[in-house]
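Secondary and tertiary structure notes
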Amino acid sequence: MSQARTSVARPSSSLQPFRLAEGGIVDRSRVLLYSFDGAPLQGHLGDTLASALLASGVRLTGRSFKYHRPRGILSAGSEEPSALVELRRGDRREANTRATVAELYDGLVAQSQNRWPSLRYDAMAINQVFAPLFVAGFYYKTFMWPAALWERLYEPAIRRAAGLGRAAGGPDPDHYEKLTAFADVLVIGGGASGLAAALAAARAGERVILCDEQAHPGGRAIDDGRMVGGRPALDGVLETLAELSSDPRVRILPRTTVFGVYDGRTYGAVERVADHVAVPPADVPRQRLWRIIAKRAVLAAGATERGIIFADNDRPGVMLAGAVRSYIHRYGVLPGRRAVVFTNNDDGMTTARALATAGGHVVAVVDARSVSAASAATAPAPPPEGEHLLGAVVVRALGGTEVSGALVRLASGEERTIACDLIAVSGGWSPNLHLSTHLGGKPAWDDAIAAFRPGEALPPGMTAVGRAAGVFAAADRPYAITPMWQVPPAAAKGWRKPKAFVDLQHDVTDEDIQLAAREGFDHAEHLKRYTTLGMATDQGRTSALPGIAVLSAHTGRSLPETGLTTARPPYTPVSIGALAGTARGAHFRPVRRPPTYAWARQCGASFVETGLWLRAAYFPEPGDRDWYTAARREVEAVRTAVGISDVSTLGKIDVRGRDAAAFLDRIYCNTMSSLAIGRVRYGVMLREDGIVLDDGTAARFSDGHFVVTTTTANAARVMQHLEVCHQTLWPALDVTLASVTDHWAQIAIAGPRARDLLARVVDRPFDIANTAFLYMAAAEVGVCGGTPARLFRVSFSGELGFELAVPARFGQALMERLLVVGADLGVRPYGAEALGILRIEKGHVAGAELNGTTTAADLGLGGLMSRKKEYIGRLLAERPGLVAADRQVLVGLRPADRSARIRSGAHLVARNAKADAASDIGYVTSAAQSPTLGHAIALALMARGRERHGEIVRAVSPLTGEDVEVEVTSPVFYDPEGARLRG
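Thresholds applied
Residues numbered from 1 in each chain as written. Predicted model: local features only at pLDDT ≥ 70, side-chain atom pairs only at ≥ 80, totals over all residues. Heavy atoms only, no water. Helix = DSSP H or I, 4+ residues; strand = E, 2+ residues; numbered from the N terminus. Buried < 20%, exposed > 50% of the residue type's maximum accessible area, 1.4 Å probe, protein only. Contact = heavy atoms within 4.5 Å. Areas by Shrake-Rupley, 256 points an atom, 1.4 Å probe, with all protein chains shown as cover. Axes fitted to C-alpha atoms, helices over the stretch in contact; angles between N-to-C directions. Parallel < 35°, antiparallel > 145°, perpendicular 65-115°, else oblique. Left-handed = near helix turned anticlockwise from the far one by under 90°. Pairing = 2+ DSSP bridges. Core = buried A, V, L, I, M, F, W, Y, C linked by side-chain atoms within 4.5 Å. Salt bridge = Lys/Arg side-chain N within 4 Å of Asp/Glu carboxyl O. Lys, Arg positive; Asp, Glu negative; His and termini not counted. Polar contact = N/O pair within 3.5 Å; in protein donor to acceptor, adjacent residues only side chain to side chain. Expected span 1.5 Å × (residues − 1).

Helices and strands together make up the secondary structure of the chain, namely 20 helices and 52 strands. Its C-alpha atoms give the chain principal-axis dimensions of roughly 105 × 70 × 55 Å. Taken across its 983 residues, the chain has 56% of its residues classed as buried. Considering only intrachain contacts with a sequence separation of at least 6, the fraction spanning at least 24 residues in the chain is 66%. Carbon and sulfur atoms make up 54% of the accessible area of the chain, which totals about 40,400 Å².

Structure, rendered in structure tokens:
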């Protein structure tokens, strides 16, 4: 391979004086108009905002975070720490966009940030005068006294000064979406190595997904203007992309960044679908979040070039040498006409040649290496013009809002000023290894490249290739780096000592790092948090290793001993919109409708929100006075005949695997491993702190297959709890969890005639007789002539009861069928209001009692808490405060005057006590008017409640002004022996 010729030095237009007349992959026939800080400018299709600004001669793009120093464009990719701008207007306005990744489009409006009144004349630049005060840990050390001023003065002032850019004032008008994709091979990076990997996998017949950050894949093959076999490398890239695009098993995702690696060989990626247009089409999302599950992954993410720390190295016009080549070869832009190249490796010479070939004047190559250290393969080849200064260093960048020269220290110690408008710096390359460490992998130090490369413990199925693996040398392009991290400063002249920056976005200097180390923050992780080094939008890609090198020099530890900070997702910034997807507005909490919703609506049902679900509350009929009239009729049907209710909203979780029983034993406080196949057991699960999380049932269908039910409101929380326990506490257990709530429609059939009704739909020869299908039994059956179903003999109403589950698409048909075949049995549908009355009559606890403060013992379920096994919450459930004798426990209440009403939420006080907080002994959790008993009943939590059965207390409702005497009873009002549900 050799360097491609870019033989044109003429500007393409007077409006773009630094645009080359030829070269690059921009379309010069497509002129795009845009503005920056109100100034009208132009670029071409294929430009980024950064390349268009450089083409127009704009070097100053912003001001730094703390000191408001002038900042320009450092890089050409997503690693950019300095050129952060505000794009768009109105509700589409977005802050902190990297100009190097923002694609140019017609009408783009860009503004610089963090300046007032203007970019060139920023009044806040006065902060540089007070720089000695703004050292690392400044906030922690300064705003301590007097404490009274924190809220009045310090915090408001800090909030006004902090931050970069402005967020939009209104809702984002664009929309976002999420997709899941599966692949045999995921290729991360579309450079030469990534394209080769994708092509090999595709030719082997595998499903391939190729993700590349750029709008046009090709990577350094394009950026370096390489020639392969006498042809531009771009030709080979286009041929490879054409072959991949024609393969139906290959999906190519340009403008897509893989930002995280997660369990189960899952990768997160964000595709910038329409960031390159002013307004996305109505049917196109602005961004798309991909969840990619891949058997294998090829990390071909390339490498990021590092700078070298020297005084005033943040001046606009100081750029990474590789970025200079990118602007020349990818965008056809000459970043400067008079350049100094500062390097510690052979790659700097490549940039010098590219500049000279493109028509730039390379004044000098300042090579920090000695003659013996420079690569013999380059011999060392002099630049096409100018001087090659071996053993020399750039001590300081000169200039104000732009570079005007470089102060160079020669090998002899002499210092010389060289006039230039560009300082191209190459301090070496660091593999983009972040994704290789997201699951705990540790990078390994490689002396040959003076950088960390991916270690041996890669995520499952991942392979690193090319520059991402630390392979930089090629046959005719040896690397030959001699590490140099920092240039010793020149003697300060005048009152202000120039600063040498490590993290350009957060204004972290070498002195900040040294101060942090002196103050004891000499661990890489502590240093990061104390100084904010590497916490910017570039995630330390240009600053982390140089910063660690400064720390290493100060502490005397080697770089491998010092190590890098832990990289965590996301690899690059991900918008909140992409993470949210469609979960916004009405879709943030989308209404969920049970399978029988349409039927219930046709029946005139009134609906109530239960969690995210709309459940039928009651079914009114002509002549009903109120909702209670309908609910009473439905309760009477269940108590005297048969009622049916859609209970599909109950959470349903499929638990499978060899260790399923052992897993559930650790989740529930009672034992599930002893449950026989074909049986159901009521269970209670606790939180880690010993408080009840949820209750429900577990049905066992085989040795390794359970179906767990939860309350409607806690379904998602329980699923999350089980996943966390499996993934973090017991990952070695052979268990698979799946939420199947939406898969099954479940109909409760309750009442004395429930078995008669069920017999008319259950296929023979299954026997549902009382002696054959016992209370708390479960079975897989057929219904209505072969429809697969699951049958559970359970009861929430206290009557003979069953729950029949069929695939969700058959739910409405089953409900309608039951009403037809059970007409002569007096069957009626019943809703959530009747269900609530039935469960209170029976003393069953629900959400009001499972309120996040109660223990199993409080609810009368202490007998379920096993003493023979360990489970979540066991130890903390035994804390003195949770077993105290005066805890509020579950009781029943009935009014002393049977005609009186009890209000839910009423507070309980002793009969002769004053109704105030000091006298409060409990409160009513659930209340109902019982049609069965003919008077009001309630469940309550009361201090020492079990000792108070038969006692008269008062239920006081401050909101309604009611004060009712009530009798404390057992919480089970109806059929306490349980004879009816076992009938």
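This part takes up the packing of helix α15 (residues 627–640) against helix α20 (residues 832–842). Packing of α15 against α20 leaves a shortest axis separation of 8 Å and a crossing angle of 55°. As the angle between them shows, α15 and α20 are arranged oblique. Read as a crossing pair, α15 and α20 show a hand that is right-handed. Two secondary-structure elements touch here, α15 through W627, Y628, A631, E634, V635, V638 and R639 and α20 through E833, A834, I837, L838 and E841.

Let's shift gears to the sheet that holds strand β10 (residues 108–111). With mixed pairing, the five strands of this open sheet are ordered in space as β5-β4-β10-β8-β9. Every other strand in the sheet has two partners, leaving β5 (39–45) and β9 (94–98) as the edge strands with one partner each. Put simply, the sheet's adjacent strands are angled 40° from each other on average, direction ignored. Bridge analysis of strand β8 (residues 84–87) against β10 gives two bridges, and the strand direction is antiparallel. Of the residues in β10, the one forming a bridge with E86 is Q111.

Our focus in this paragraph is the nonpolar core. In this structure, Y34, F36, L49, Y327, I328 and L355 are the most contacted members of the largest nonpolar core, which totals 49 residues. Broken down by element, this core gets its largest block of residues, six residues, from helix α1 (residues 49–55). Core analysis: the next-biggest nonpolar cluster, separate from the first, contains 33 residues, V642, I644, I749 and L791 among them.

Turning to the pattern of salt bridges, a few remarks are in order. The full count for this structure, using the stated rule, is 60 salt bridges. E239 is the salt-bridge partner of R231, the closest N and O atoms lying 2.9 Å from each other. Given a relative accessible area of 37%, R231 falls into the partly exposed group. Classification of E239 as partly exposed rests on a relative accessible area of 45%. A salt bridge links R903 to E962, with the shortest nitrogen-to-oxygen separation between them at 2.5 Å. With a gap of 59 residues between them, R903 in the loop between β47 (888–895) and β48 (907–910) and E962 in strand β52 (residues 962–969) connect regions that are remote in the sequence. One salt-bridge network, held together by shared partners, links R69, R71, D312, D314, R315, R396 and D507.

Note that D695 resides in strand β39 (residues 692–702). Despite its burial, D695 remains without a salt bridge, the nearest opposite charge being carried by R839 at 8.9 Å. In terms of polar contacts, D695 uses its side chain to reach the side chain of Y682, at 2.6 Å. Apart from the residues within four sequence positions on either side, D695 is in contact with Y682, G683, V684, T709, T710, T711, V845 and L850.

Turning next to the sheet that holds strand β41 (residues 736–739). Across the sheet, which stays open at both edges, the five strands sit in the order β38-β39-β40-β37-β41 with antiparallel pairing between neighbours. Of all the strands in the sheet, just β38 (680–686) and β41 have a single pairing partner and so form its edges. Neighbour-to-neighbour, the strand axes of the sheet open up by a mean angle of 25°, direction not taken into account. As defined by bridge partners, strand β37 (residues 651–656) adjoins strand β40 (residues 705–710) across six bridges and the pair is classed as antiparallel. Paired with V655 across the bridge in β40 is F706.

This paragraph deals with unusual backbone geometry. The omega angle of the peptide bond from W116 to P117 is 0°, so this bond is cis rather than trans. Structurally, P117 can be placed in the loop between β10 and α2 (138–142). The step from P569 to P570 runs through a cis peptide bond, and the omega angle for that step is 0°. In this model, A450 sits at a positive phi of 50°, which is unusual for a non-glycine residue. Of note, A450 is situated in the loop between β29 (444–446) and β30 (451–453). Judged by relative accessible area, A450 falls into the buried class, the value being 1%. Phi angles above zero are rare outside glycine, and D507 is one such case at about 60°.

Moving on, we get to α15. Helix length check: α15 (14 residues) gives 20 Å between terminal C-alpha atoms against 20 Å at 1.5 Å per residue, within 8%. Burial analysis of α15 places 10 of its 14 residues in the buried class, the great majority of the element. Within the sequence span of α15, burial applies to Y628, T629, A630, A631, R633, E634, V635, A637, V638 and R639. The opening residue of α15, the one whose side-chain oxygen lies 3.1 Å from the backbone nitrogen of Y628, is D626.

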